[in-house]
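# Notes for the structure review
Letter by letter, the chains look like this.
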Amino acid sequence: MGVKIFQGWKALKGKGQSVGFALSCFIECHTGRREAARGEAGRQCCSRKGSRTEVWGMNQVNYQRELDKIIDALERGMAEPPSLFLHSCCAPCSSYVLEYLRTYFRITVFYFNPNISLEEEYRKRVAEQKRLIAAYNEEGETGSGFPIVVAEGDYEPERFFEMAKGLENCPEGGERCFGCFELRLRETAARGREGCFDYFATTLTISPLKNARKINEIGQALSQEYGIAWLPSDFKKKDGYKRSIELSARYGLYRQDYCGCTYSRR
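Described below are features of the structure shown in this document. (Residues numbered from 1 in each chain as written. Predicted model: local features only at pLDDT ≥ 70, side-chain atom pairs only at ≥ 80, totals over all residues. Heavy atoms only, no water.)

### Let's talk about the sheet that holds strand β4 (residues 106–111)
Spatially, five strands are ordered β5-β4-β3-β6-β7 in an open sheet, and the strand pairing comes out parallel. Edge strands, defined here as strands with exactly one partner in the open sheet, are β5 (149–152) and β7 (229–230). (Pairing = 2+ DSSP bridges. Helix = DSSP H or I, 4+ residues; strand = E, 2+ residues; numbered from the N terminus.)

Okay, structure coming up:
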């Protein structure tokens, strides 16, 4: 599979496609979208209003496995590491993700979180993000990964409140959260495309409280809209969340007890 993926990637790359978009398209072609191929017959879905909990049967996508396929293809065929524009929700969640991916990608962390209602809280979190990256880069001088760049987006809480109009009373994990994911990932995709990055992604899937399937669906849709490859993930897998707690303790990171928006504090 790795050889076929690499050969197909070279053919698409020769037609002017970006590294990430070409590679993702070719992996998708060879692995297939099993849920589409098998149709609706094997799908078992039940929705619980409010929490939006969904149970999927045989067609559930294992996003960690999808990420493993991409990394395997990169290891087999890529001479230069691709670039990744990584949205980060906070330093603790990014700690494991950066440790994991920095040996495969040249990462720029994009800190864009207009959902954080209080500016004091926002400033505290972005400072922790920059402190962690500085520590990682200092350690990287000994060969533990590629240097990490940080890019801070504009702090625009009014964009979050505009998105949340009419959704103020939605429970956590519902439509308001999905809109928040889309708001942040759309900005990430747009900036990533402008910066000619190979991939864009987010640290959000590391949280056990976040809907990884929905986050990946949003990312995949934006990938098609903006023409930049989405890096699928479910970073809580492989004990990712547990590792993030360990790294937070090691670096003395501030771990907030709510996602950031005023509604999550109720």
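### Details of the nonpolar core
Grouped together as the largest cluster of nonpolar side chains are 48 residues, with contacts concentrated most on L84, L101, F105, I107 and L231. Counting residues per element, this core draws most heavily on helix α5 (residues 91–101), which supplies seven residues. Apart from the residues lying within four places of it in its own chain, the contact partners of L101 are I71, L84, I107, L231 and F235. If you look at the next biggest cluster of nonpolar residues, it comprises six residues, including F160, C180, C261 and Y263. (Core = buried A, V, L, I, M, F, W, Y, C linked by side-chain atoms within 4.5 Å. Buried < 20%, exposed > 50% of the residue type's maximum accessible area, 1.4 Å probe, protein only. Contact = heavy atoms within 4.5 Å.)

### Describing the packing of aromatic side chains
Across all of its chains, the model carries 14 aromatic pairs by this definition. Ring geometry for F105 versus Y199: centroids 5.7 Å apart, planes at 85 degrees, classification edge-to-face. With F105 in the loop between α5 and β4 and Y199 in strand β6 (residues 199–202), the pair connects residues that are 94 residues apart, well separated along the chain. Assessed through its relative accessible area of 1%, F105 is described here as buried. (Phe/Tyr/Trp six-rings, centres within 6.5 Å; stacked < 30°, edge-to-face > 60°.)

### What about helix α4 (residues 63–77)?
Relative to the 21 Å expected for 15 residues at 1.5 Å per residue, α4 spans 21 Å between its end C-alpha atoms, a close match to the ideal helical length. For α4, the complete set of buried residues consists of Y63, Q64, E66, L67, I70, I71, A73, L74 and G77. Backbone nitrogen of Q64 and a side-chain oxygen of the N-cap are separated by 3.2 Å at the start of α4; the cap is N62. (Expected span 1.5 Å × (residues − 1). Polar contact = N/O pair within 3.5 Å; in protein donor to acceptor, adjacent residues only side chain to side chain.)

### Quick word on the pattern of salt bridges
Within this structure, the stated rule accounts for 20 salt bridges. Between R131 and E128 there is a salt bridge; the shortest N-O distance is 2.9 Å. Remark: E128 and R131 occur in helix α6 (residues 119–140); sequence separation between them is three residues, near one turn of the helix. Of the charged contacts, one joins E162 and K165 as a salt bridge, the two residues approaching to 3.1 Å between their closest N and O atoms. Among the residues examined, K165 registers a relative accessible area of 55% and is labelled exposed. Taken together, the shared-partner salt bridges connect E119, R123, K130 and E152 into one network. (Salt bridge = Lys/Arg side-chain N within 4 Å of Asp/Glu carboxyl O.)

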